[in-house]
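A closer look at the structure
What follows is the residue order along each chain.
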Amino acid sequence: MVRAVGGSSEIHAPIEKVWAILRDVDSYPSWNPFTVSVKTDFQMGSPVDMRVCLFGKTRKDGSRKTMRQVEYITSYVEGSRAGTSSCSRPCPPSARPSS
């Protein structure tokens, strides 16, 4: 069984500024404390491959304990909206959150 989690947010800022931030995946760690790295090509169905550090967990040597998290792009209209789903593999249309 494939499960999907979805949600939405309205951001009160100029759309150009929001999209510039969303497209700059190398800067995610500077504003998202859970994100260590992000890789994606922003294409429909493509993975958003992330390295995350949840709950501030650390190893004995003090380094951050991270895990790989992969989500898939389920909707993407640059300048309008973007959506991902945290399916463990590419989500079939029936499991995708509605937009």
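Residues numbered from 1 in each chain as written. Predicted model: local features only at pLDDT ≥ 70, side-chain atom pairs only at ≥ 80, totals over all residues. Heavy atoms only, no water.

**Some words on the environment of Val52**
To keep things clear, this is the line we draw: Numbering of helices and strands starts at the N terminus; helices are DSSP runs of H or I of at least 4 residues and strands are runs of E of at least 2. Here, residues are in contact when the closest pair of their heavy atoms is within 4.5 Å.
Tracing the backbone shows Val52 in strand 2 (residues 47-52). Between the C-alpha atoms of Val52 and Phe34, which are 18 residues apart in sequence, the distance is 5.3 Å. Sequence-distant contacts of Val52, defined by excluding residues within four places in its chain, comprise Phe34, Val36, Lys65, Thr66, Met67 and Gln69.

**A closer look at a positive patch on the surface**
Our working definition: Excluding any residue in a salt bridge, patches collect residues exceeding 30% relative accessible area, merging like charges within 9 Å and nonpolar Val, Leu, Ile, Met, Phe, Trp and Tyr side chains within 5 Å. Each accessible area is a Shrake-Rupley result for a 1.4 Å probe, and residues are judged covered by the shown protein chains and nothing else. Any carboxyl oxygen of Asp or Glu within 4 Å of a side-chain nitrogen of Lys or Arg constitutes a salt bridge here. The convention is simple: Lys and Arg are positive, Asp and Glu are negative, and His and the chain ends are not counted. Charge positions are represented by NZ for Lys, CZ for Arg, CG for Asp and CD for Glu.
There is a patch of like positive charges on the surface, built from Arg51, Lys57, Arg59 and Lys65. Along the polypeptide, Lys65 turns up in the loop between strand 2 and strand 3 (67-77).

**Quick notes on the pattern of salt bridges**
Opposite charge on two side chains lets them pair, provided their charged atoms get close. Enumeration according to the criterion identifies one salt bridge in this entry. Notably, a salt bridge pairs Arg68 with Asp49, separated by 2.9 Å at the nearest N-O pair. Of the two residues, Arg68 is situated in strand 3 and Asp49 in strand 2; the sequence distance between them amounts to 19 residues.

**Regarding the nonpolar core**
As a reminder of what qualifies: Nonpolar cores are built from buried Ala, Val, Leu, Ile, Met, Phe, Trp, Tyr and Cys residues. Side-chain atoms within 4.5 Å join them into one set. In this scheme, a residue with accessible area under 20% of its type's maximum is buried, one over 50% is exposed, and one in between is partly exposed, where area comes from a 1.4 Å probe on protein chains only.
Membership of the largest hydrophobic core is limited to 10 residues, which are Trp19, Val25, Tyr28, Val38, Phe42, Val48, Met50, Val52, Ile73 and Tyr76. For this core, the elements supplying multiple residues, two or more each, are strand 2 and strand 3. A per-element tally of this core places strand 2 first, with three residues.

**Describing the environment of Thr40**
Cut-off, in case you're wondering: Between N or O atoms, a polar contact is any pair within 3.5 Å; within protein, one atom must be a potential hydrogen donor and the other a potential acceptor, and residues adjacent in sequence are included only when both atoms are from side chains.
Structurally, Thr40 is set in the loop between strand 1 (35-39) and strand 2. Relative accessible area serves as the criterion here: at 21%, Thr40 is assigned to the partly exposed category. Separated by 31 residues in the primary sequence, Thr40 and Glu71 have C-alpha atoms spaced 9.8 Å apart. A polar side-chain atom of Thr40 sits 3.3 Å from the main-chain amide nitrogen of Phe42. A polar atom in the side chain of Thr40 sits 2.9 Å from the backbone oxygen of Pro47.

**Let's talk about the environment of Asp49**
Taking relative accessible area as the criterion, Asp49 reaches 25% and is therefore assigned partly exposed. Remark: the alpha-carbon pair of Asp49 and Arg68, spanning 19 residues in sequence, is separated by 7.3 Å.

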